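# Architecture at a glance
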Amino acid sequence: MPTPPLAGGLGGPAALRPLIDTVLTALHDGATLRDGPLPAGGPDTVTPRTRTATHPLIPDHGTGPHHALRNLVTALAAGAADPAHPHCAAHLHTPPLALAAAADLAASALNPSMDSWDQAPAASALEADLTTALAAEIYPHAPSPDAVITTGGTEANQLALLLARERHGPVQTICGANAHHSITRAAWLLGLPEPVAVPAPTGTLDLAALDEALTELHRPLLVVATAGTTDTGEIDPLDAIADLCATHGAELHIDAAYGGPLLFSPTHRTLLHGLDRAHSVTLDLHKLGWQPASAGLLAVPERHHLTPLHHHAPYLNADDDTEAGLPDLLGRSLRTTRRPDALKIAVTLQALGRTGLADLIDRTLATAHHLADLVTKNPALDLYDHPTISTVLLRPTGADDHTVATVRRTLLQRGHAVLGRAHAEGRLWLKATLLNPHTTPQDLQALLDLITDTTADLLTGTTTDLPADHLTRPPATPTATHPTPHPTESDTPR
């Protein structure tokens with residue numbers, strides 16, 4: 001077998017072009033085989049089928065690039081939970097925009113490493129400009145806002161607690177019972193006291209309980225508010241929380257991983273009033289920004305707040321190099337090697353502009369409200385509440401929690417729908433997290449029909465939590481016909 005070509009350099013594009021064509025064909029074939037939002041049969045079917053299709057992963061003699069790409073990409077696509085399908089709506093798992101995925105290909109081909117300027121000359125400049133621009137969206141009146149790129153909301157929240165600890169020592173975190181689990185985990189990782197959880201009986205942080213907690217605690221305090229909770233998509237009263245923090249001398253971090261992009265929508269940005277009063281803000285554009293993961297951000301109002309992240313490694317940021325004008329990148333992350341995730345974000349923002357991104361956001365939120373309206377008109381379904389962002393909780397009327405859970409698993413087993421689960425008001429709910437701006441009213445009605453029909457089957461004893469051999473749609477096996485490999489790269493081992 002000849003030495004495989006590289007993705008970069010002058011010859012890289014020519015080497016990539018036939019391989020990309022093979023990948024695109026395999027993605028199409030896999031989606032055709034899957035024929036739905038996820039493969040039917042559950043793990044007992046999907047796991048052995050995937051292993052059979054991809055075995056052996058490390059053969060003695062290679063099968064060639066086109067065969068390997070066809071085989072593994074087809075198997076992965078056939079066994080995927082595809083967030084681009086309108087009935088795949090369980091999690092904050094966005095269908096990425098095609099243009100963002102294309103930009104990610106360029107990032108992979110060029111492979112800049114964002115830990116020193118000599119590995120990423122242009123990428124480091126682009127990232128610096130992008131983080132400054134996004135931080136200015138969050139802190140429009142701050143003199144020198146800045147941000148760092150993260151792997152997502154979890155890393156951004158960890159950095160927020162780390163920076164608070166570096167400013168004040170072992171801070172006591174206070175968060176709502178509705179806060180993301182990463183807050184408690186970050187405190188544990190950083191050796192901080194366990195966060196004090198304030199009740200959130202209506203889905204948002206209770207202000208009176210927060211006031212009481214701030215009054216009773218007597219150490220440096222960091223309050224964490226949430227703009228877009230994981231279970232219900234609700235937004236804490238940010239401005240009122242900021243007022244309490246100011247009164248009690250506490251700092252404020254806002255986890256806006258989900259809701260932060262509402263800033264780009266003139267229609268919905270008022271939901272984030274008070275966001276700019278936080279000492280740090282988490283933003284995650286692989287949710288309502290339609291980016292391939294990962295695309296997180298931690299923003300601060302003053303650039304110097306990020307100084308504690310500075311780290312010195314002579315082979316990457318020698319003092320004389322820095323003094324000579326080479327940018328020092330190690331203080332831009334706790335990670336060393338990291339991808340240029342700024343590229344896909346920048347491409348998306350430039351391609352769509354403010355109006356294009358606002359349109360995507362507005363369409364998505366309108367779709368969620370339409371789903372809620374359909375639920376309220378259906379006597380067989382109960383609605384938890386109209387959505388704040390794009391999360392809709394619903395459940396079959398009169399069903400107990402066991403039935404709700406079984407409906408969800410049955411839809412998964414059949415490969416018909418991917419819905420999440422959430423507890424609210426002491427009951428279990430089906431959760432539809434709508435992030436697909438292409439979803440139609442017909443798609444929504446079909447989803448509700450799947451829920452009500454499955455519920456009726458369960459309540460009449462027509463079906464149970466089905467094993468794979470009782471599914472209405474048998475699982476597909478990857479047997480698609482594939483085109484002949486590009487003549488410049490034979491699949492025959494040599």
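Quick look at the structure, then. All residue numbers refer to positions counted from 1 along the written sequence of the respective chain. For this predicted model, a pLDDT threshold of at least 70 governs which residues receive local features, and a threshold of 80 or more governs which side-chain atom pairs are given and counted, while totals over whole chains, interfaces and linings are taken from all residues. Derived side-chain values reflect all non-hydrogen atoms in the structure, with water molecules and hydrogen atoms excluded from consideration.

## What about unusual backbone geometry?
Note the following rule: A helix here means a DSSP run of H or I that spans at least four residues, while a strand means a run of E at least two residues long, and both kinds are numbered starting from the N terminus. Relative accessibility thresholds used throughout: buried, under 20% of the residue-type maximum; exposed, over 50%; partly exposed, between the two (1.4 Å probe, protein chains only).
Cis peptide bonds are those with omega within 30 degrees of zero, and the linkage from His55 to Pro56 qualifies with -5°. Here Pro56 is to be found in the loop between helix H2 (43–54) and helix H3 (65–78). The phi torsion at Asp35 lies on the positive side, around 55°, for a residue other than glycine. Following the sequence through the fold, Asp35 ends up in the loop between helix H1 (12–34) and H2. A relative accessible area of 55% means that Asp35 is categorised as exposed. Located in the positive-phi region is Asn111, a residue other than glycine, with phi close to 55°.

## As for a negative patch on the surface
Formally: Patches in this entry comprise residues that are over 30% relatively accessible and not in a salt bridge; like charges within 9 Å are linked, as are nonpolar side chains (Val, Leu, Ile, Met, Phe, Trp, Tyr) within 5 Å. Computed by Shrake-Rupley with a 1.4 Å probe, the accessible areas treat only the displayed protein chains as cover when residues are assessed. The salt bridge definition used is simple: a Lys or Arg side-chain nitrogen within 4 Å of an Asp or Glu carboxyl oxygen. The charge count includes Lys and Arg as positive and Asp and Glu as negative, but it does not include His or the ends of the chains. Charge placement uses NZ in Lys and CZ in Arg. For Asp and Glu, CG and CD serve respectively.
Judged by side-chain charge, Asp118, Asp319, Asp320, Asp321 and Glu323 come together as a negatively charged surface patch. Turning to its location among the elements, Asp320 is positioned in helix H11 (residues 319–323).

## Considering the packing of helix H6 (residues 153–168) against helix H7 (residues 181–189)
Worth spelling out the cut-off: Every angle, taken between N-to-C directions, lies between 0 and 180 degrees, and every axis is a line fitted to C-alpha atoms, over only the stretch in contact when it is a helix. With respect to orientation, any angle under 35 degrees is reported as roughly parallel, any angle over 145 as roughly antiparallel, any angle of 65 to 115 as roughly perpendicular, and every other angle as oblique. Should the near helix be turned anticlockwise from the far one by less than a right angle, the crossing is termed left-handed; should it be turned clockwise, right-handed. Should any heavy atoms of two residues lie within 4.5 Å, those residues are counted as being in contact. Put simply, Ala, Val, Leu, Ile, Met, Phe, Trp, Tyr, Cys and Pro go in the nonpolar bin, Asp, Glu, Lys and Arg in the charged bin, and everything else, Gly too, in the polar bin.
Contact geometry for H6 and H7: axes closest at 9 Å, N-to-C directions at 50°. One finds that H6 runs oblique with respect to H7. By crossing handedness, the relation of H6 to H7 is classed as right-handed. Contacts between H6 and H7 involve Thr154, Asn157, Gln158 and Leu161 from the first element and Ser182, Ile183, Ala186, Ala187 and Leu189 from the second. Class assignment of the residues belonging to the contact of H6 with H7 gives a composition of five nonpolar, four polar and no charged.

## Describing a nonpolar patch on the surface
On the surface, a cluster of nonpolar side chains totalling about 360 Å² of accessible area is made up of Leu57, Ile58 and Leu72. When you line up the elements, Leu72 lands in helix H3.

## Some points on the sheet that holds strand S5 (residues 251–256)
Condition: For two strands to pair, DSSP has to find at least two bridges joining them.
Read from one edge to the other, the open sheet built from seven strands follows the order S1-S7-S6-S5-S4-S2-S3, with strand pairing classed as mixed. Pairing within the sheet leaves two strands with one partner each, and these edge strands are strand S1 (146–150) and strand S3 (196–198). Averaged over all pairs of adjacent strands, the angle between their axes in this sheet comes to 20°, without regard to strand direction. Alignment of strand S2 (residues 172–176) against strand S4 (residues 221–226), held across four bridges, turns out to be parallel. Paired with Thr173 across the bridge in S4 is Leu222. Packed on one face of the sheet, helix H5 (residues 121–138) meets S1, strand S6 (280–284) and strand S7 (296–300) and runs near 115° to S1.

## Here we look at the nonpolar core
The condition that has to hold: Among buried residues, the Ala, Val, Leu, Ile, Met, Phe, Trp, Tyr and Cys ones that are joined through side-chain atoms within 4.5 Å form a nonpolar core.
Grouped together as the largest cluster of nonpolar side chains are 54 residues, with contacts concentrated most on Leu210, Val223, Leu252, Ile254 and Leu275. Examining the composition of this core, we find that seven residues originate from one element, helix H12 (residues 342–376), more than from any other.

## Regarding the sheet that holds strand S10 (residues 420–424)
Reading across the sheet, the four strands line up as S8-S9-S11-S10 and stay open at both edges, with antiparallel pairing between neighbours. The open sheet terminates on both sides in strands that have one partner only, identified here as strand S8 (381–383) and S10. Neighbour to neighbour, the strand axes of the sheet diverge by 45° on average, direction disregarded. Across four bridges, strand S9 (residues 391–396) lies against strand S11 (residues 427–433) in antiparallel orientation. Paired with Leu394 across the strands is Leu430, a residue of S11. Across the face of the sheet, helix H13 (residues 401–414) comes into contact with S9, S10 and S11 while running at roughly 30° to S11.

## Here we look at helix H8 (residues 207–216)
Along an α-helix, residues three or four positions apart point the same way, because every turn accommodates 3.6 residues. Quick note on the threshold: When we speak of the arc, we mean the arc of directions from the helix axis to the C-beta atoms. Within 3.5 Å is the distance limit for a polar contact, defined as a pair of N or O atoms, with the added protein rule that one can donate a hydrogen and the other accept it, and that residues adjacent in sequence qualify only through two side-chain atoms.
Of the positions making up H8, those classed as buried are Ala209, Leu210, Ala213 and Leu214. All buried residues of H8 lie within an arc of 135° about the axis, which places them on one face of the element. Opposite the buried face of H8, by more than 90 degrees, sit the exposed residues Ala208 and Glu216. Close packing links the buried residues of H8 with S2, S3, S4 and helix H9 (238–248). Its side-chain oxygen at 3.3 Å from the backbone nitrogen of Ala208, Asp206 defines the N-terminal cap of H8.

## Details of the pattern of salt bridges
For the structure shown, the criterion picks out 18 salt bridges. Here Arg339 ties to Asp104 by a salt bridge, and the two come within 3.1 Å at their closest N and O atoms. Taken together, the residues Arg339 in the loop between H11 and H12 and Asp104 in helix H4 (residues 98–110) connect sequence positions 235 residues apart. Owing to a relative accessible area of 31%, Arg339 belongs among the partly exposed residues under this scheme. When its relative accessible area of 13% is taken as the criterion, Asp104 is described as buried. For Arg339, the salt bridge goes to Asp341, with nearest N and O atoms at 3.3 Å. Taken together, the shared-partner salt bridges in this structure form one network comprising Asp104, Arg339, Asp341 and Lys344.

## Digging into the packing of H1 against H3
Closest axis-to-axis distance for the H1/H3 pair is 7 Å, and the angle between their directions is 30°. Between H1 and H3, the interaxial angle falls into the category roughly parallel. Read as a crossing pair, H1 and H3 show a hand that is right-handed. On H3, the residues that touch Pro18, Leu19, Thr22, Val23, Ala26, Leu27, Asp29, Gly30, Ala31, Leu33 and Arg34 of H1 are Pro65, His66, Leu69, Arg70, Val73, Thr74, Ala77 and Ala78. Looking at side-chain class alone, the contact of H1 with H3 contains 12 nonpolar, four polar and three charged residues.

Shape descriptors only; they carry no functional weight alone.
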